[in-house]
Amino acid sequence: MSAVILAADDIQVAQNIGFGIIAAIMVIGALKVVTSKNVVHAALSLVLVLSGAAAQYILLGAEFVAVSQILVYVGAVMVLFLFGVMLTRAKLGKETDLDQPKAWLGVPVALLMLGVLAWVLIDGFQDERLPADATSKAAVEISDSVLGPALVPFLALTFVLVAAVIGGIVLARKD
Amino acid sequence: MIASLLAAAGDWVAPTLDYHALAPEIILAAGIFAVLSIDLFLEPEQRWITSALSGFVMLGALVTVGTLAVIGDDTRSMFGGRYVSDEYALILKALFLVAGYIVVLMSSDEIERGRYHQGEYYVLLLTSVLGMVMMASSRDLLSIFVALELLSIPAYMLAAWNKRNSRGNEAGVKYYLLGVFASAITLYGMSLLYGVTGTTLLTDLGSAITANGRFSGVEVIAVAFIVVGFAFKISAVPFHQWAPDVYEGAPTPITAFLSVASKAAGFVALVTLTFVAFPNAEDVYQPFMWVLAALSMTIGNLYALRQTNIVRMLAYSSVSQGGFILMPLTVAGVDGVGESALKAVVVYLVVYAATNLGAFAVVIAVARKTRSGEISSYGGLFGYAPALGVLMTIFLASLAGIPPLGGWFAKFGAFKAVLDADTGWGYSIAIIAAINTVISAAYYITVMREIWMKDEPTGDTTPIRTPPSLGAALVITCGATIVLGVLPDIVGRFGDITDLTGALGR
């Protein structure tokens, strides 16, 4: 039923509302990451941003990317991050020396980048939209290309991981 | 459920692999695991075996590069043109493998003396070389990015190999953070490019960019981001700040590796992208390259003049040399000049690799005795180590571009390319380069004066004992520097214009 309505309606209201809500949450989370005085709070706000990105991928019909985003960023990277905080700092809680004195220099740079990128993206894609009947076969296509045209980079990634593990152990071990 | 999915997606066909074309990569990959597993069973005093084995792996891969050049088709294309083994790729693969071999020769004694983790050191070195070899063949954004990571990630850790030294740690962290930042910028540019064109294949990108006759803002930003990301890798000004600190803190053989092989890999990616993916984007990349080249030459030189540490001086000198290598790319899009620009870049990379590796080999040999990196410690070198004194003079003269050494021919090619272009951009960069050639001679000659005119500062004139492997590295690099200058046609033939550009799909 709803599919019929969405197919008939060119604007896809539900998706747009979903996008707006998630985007607002992401922006608030991102601001929290840089303004929070507590490292753990900043890390947890980052979880919000990364999960929001995953939700946006689902709205775009890219469920494989969304699941990888959750697994890799929210799962692995954030756990590593929190472990890093736990293992290296005795003090949890508010800190006063987190801000660089010249941090405000980042504000105009960020605004400039926001302006430029927003302009080029709006200019580049104009009013293109996703096909309303897009059915997702992303996972199938990714597996086909990983074992097809992208075979060499796929195998090369295994060596990236081997090198990272070996080097990480050497640099981290005590001797 | 799965059956229906499989039925829906039945169009997968197994890719055809050309094992001969992939042989260098396969030998390196096998060698990585051979070194890694053999290292487990070695007693501490047998650890030299890993070094010897790594050297043989590089040479074995080099042999297959040779057979590829001689036997069969010149151009072997796989995965629909995503991975290509042509003459351009082969000469650069040979460059990376020889550079890797020389770094192994330079390392064997140095790393053994430092009691570092030798097996792991060579595994990471081989992995990085594997990434570079892959970079030479990549004709797809995905392969280029993965190759970039594969060559960079081991290099980040190798830069921090002096881990008991705070400078070593600083080098590793600085290189890692800035390198990852640059990779992210490159990746963002690539994803924007994929977003507007819908393809990652470079030849398709070449026809898709400006297909409708005008540049969209996304394309401009994407090309700019990609160029900026690789500018970090090649330490072009203003993205060079990491270079001197990293070069100083890393073990000296790794410094040589970073300043030659890693830098060359960045240039290879930039050249491949410029000629295959951005042939219609010259209005965007040419001014960019012009600014990067002019700033790199000038600022690199001005800082190099003020250095008192030989490694930092060579670091800034390599920034400045990078500007010269970028110079031909400022006119790469001018009709009829692209070919000689490409040739100039490739020849410059080969000559620069031989010369700079040689200079670092002398630095290692001298530091074995003096335990110092100061330029003043080279005083009287000719008196007590005449061979090293002469070799260092040859390498520095080649870097300065004095005939008949290799560096002269490389600079000649670069100047010829920009002057042939007959444009304002070309002439202006040529003038800047000419001024910088003169400035650069000043700091190279400062070191020569120490070697020939001054006395040993401490009065200790015991001769320097050079280990055989380091001696071999010196002989190879010196031979290459002289031969490339006297008989430039050797590389000129490899950079044969029509073959190279034909292979690049122009």
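Residues numbered from 1 in each chain as written. Chains lettered and ligands numbered in written order. Predicted model: local features only at pLDDT ≥ 70, side-chain atom pairs only at ≥ 80, totals over all residues. Heavy atoms only, no water.

Asks: Just checking my understanding: could you explain the overall build of chain A for this structure?
Replies: Broken down by element type, chain A carries seven helices and zero strands. Overall, chain A shows an N-to-C arrangement of helices and strands of α-α-α-α-α-α-α. A total of 175 residues make up chain A; the buried ones form 24% of that total. Pairs at least 24 apart in sequence give 62% of the contacts found in chain A among residues at least 6 apart. (Helix = DSSP H or I, 4+ residues; strand = E, 2+ residues; numbered from the N terminus. Buried < 20%, exposed > 50% of the residue type's maximum accessible area, 1.4 Å probe, protein only. Contact = heavy atoms within 4.5 Å.)

Asks: I tried to follow unusual backbone geometry on my own but got confused; where do I start?
Replies: Where the residue is not glycine, phi is negative for most of them; where a peptide bond is considered, it is trans in most cases. All names here are of chain B. A cis geometry characterises the amide bond from Val237 onward to Pro238, with omega recorded as 5 degrees. A cis amide bond links Pro403 to the next residue, Pro404, at an omega of 5 degrees. Along the polypeptide, Pro404 turns up in the loop between helix H16 (386–400) and helix H17 (406–421). At Ser235, a position not held by glycine, the phi torsion is positive, near 45 degrees. Of note, Ser235 is situated in the loop between helix H9 (217–233) and helix H10 (242–249). By relative accessible area, which is 1% here, Ser235 ends up buried. A positive phi angle is found at Asp422, which is not glycine, with a value near 55 degrees. Along the chain, the position of Asp422 falls in the loop between H17 and helix H18 (424–452). Using a relative accessible area of 52% as the deciding quantity, one classes Asp422 as exposed.

Asks: How should I be thinking about a nonpolar patch on the surface in this particular structure?
Replies: Residue and element names in this part refer to chain A. A cluster of nonpolar side chains, namely Val13, Ile17, Ile21, Ile25 and Leu48, defines an oily patch on the protein surface of about 430 Å² accessible area. The element contributing the most residues to the nonpolar patch is helix H2 (residues 13–35), with four residues. Looking at Ile25, the relative accessible area reads 39%, which means it is partly exposed. (Patch = residues over 30% accessible without salt bridge, like charges linked within 9 Å, V, L, I, M, F, W, Y side chains within 5 Å. Areas by Shrake-Rupley, 256 points an atom, 1.4 Å probe, with all protein chains shown as cover. Salt bridge = Lys/Arg side-chain N within 4 Å of Asp/Glu carboxyl O.)

Asks: Explain the packing of helix H14 (residues 338–370) of chain B against H17(B) here, please?
Replies: A pair of packed helices can be characterised by two numbers: the angle between their axes and the separation between those axes. Residue and element names in this part refer to chain B. The contact between H14 and H17 brings their axes to 9 Å, and the two run at 160 degrees. What the angle tells us is that H14 and H17 run roughly antiparallel. The way H14 lies across H17 gives a crossing that is left-handed. Side by side, H14 and H17 meet where Ser340, Ala341, Ala344, Val347, Tyr348 and Val351 of the first sit next to Gly406, Gly407, Phe409, Ala410, Lys411, Gly413, Ala414, Ala417 and Asp420 of the second. Split into classes, the residues belonging to the contact of H14 with H17 amount to nine nonpolar, four polar and two charged. (Axes fitted to C-alpha atoms, helices over the stretch in contact; angles between N-to-C directions. Parallel < 35°, antiparallel > 145°, perpendicular 65-115°, else oblique. Left-handed = near helix turned anticlockwise from the far one by under 90°. Nonpolar A, V, L, I, M, F, W, Y, C, P; charged D, E, K, R; others polar.)

Asks: Would you mind going over the interface of chain B and chain A with me for this structure?
Replies: One frequent convention defines the size of an interface as the accessible area lost when the parts assemble. If you look at the interface, chain B gives 43 residues, while chain A gives 33 residues. In total, about 3000 Å² of surface goes out of reach between chain B and chain A, with carbon and sulfur atoms giving 81% of it. Linking chain B to chain A there are zero salt bridges. Our count for the contact surface shared by chain B and chain A stands at three residue pairs in polar contact (both at pLDDT 80 or more). Of all the secondary-structure elements, those providing two or more residues to the side of chain B that touches chain A are helix H1 (2–8), helix H2 (19–40), helix H5 (118–137), helix H6 (141–159), helix H7 (166–197) and H9 of chain B. Taken together, the residues of the side of chain B that touches chain A break down into 30 nonpolar, six polar and seven charged. (Buried area = accessible area lost by both parts, 1.4 Å probe. Polar contact = N/O pair within 3.5 Å; in protein donor to acceptor, adjacent residues only side chain to side chain.)

Asks: Would you take a moment to explain H16(B) for this structure?
Replies: Along an α-helix, residues three or four positions apart point the same way, because every turn accommodates 3.6 residues. All names here are of chain B. Taking 1.5 Å as the rise per residue, H16 with 15 residues should run 21 Å; its terminal C-alpha atoms sit 21 Å apart, in good agreement. In terms of residue burial, H16 counts as a mostly covered element, since 12 of its 15 residues are buried. Of all the residues in H16, the buried ones are Leu388, Gly389, Leu391, Met392, Thr393, Ile394, Phe395, Leu396, Ala397, Ser398, Leu399 and Ala400. Check the buried side of H16 and you find it contacts helix H13 (310–326), H14, helix H15 (381–384), H17, H18 and helix H19 (468–486). (Expected span 1.5 Å × (residues − 1).)

Asks: Help me understand the environment of Ala42(A) in this model?
Replies: Residues and elements named next belong to chain A. Within the secondary structure, Ala42 sits in helix H3 (residues 39–59). Note on Ala42: relative accessible area 13%, which makes it buried. Considering only alpha carbons, one finds Ala42 and Leu151, 109 residues apart in sequence, at a separation of 38 Å. Residues contacting Ala42, with those up to four places away along its chain left out, are Val33 and Ser36.

Asks: How should H17(B) be read in this particular structure?
Replies: Residue and element names in this part refer to chain B. Spanning 16 residues, H17 covers 23 Å between terminal C-alpha atoms, matching the ideal 22 Å at 1.5 Å per step. Within the sequence span of H17, burial applies to Gly406, Gly407, Phe409, Ala410, Lys411, Ala414, Phe415, Ala417, Val418 and Ala421. Once H17 finishes, Asp422 follows within two positions and takes phi at roughly 55 degrees, a positive value.

Asks: Where do I start with the confidence of the model for chain B in this structure?
Replies: Regions with low pLDDT carry predicted coordinates that are not meant to be interpreted in detail. Here chain B shows a mean pLDDT of 86. Residues at 70 or above account for 93%. Listed scores for the predicted complex are pTM 0.90 and ipTM 0.87. (pLDDT = per-residue confidence, 0-100.)

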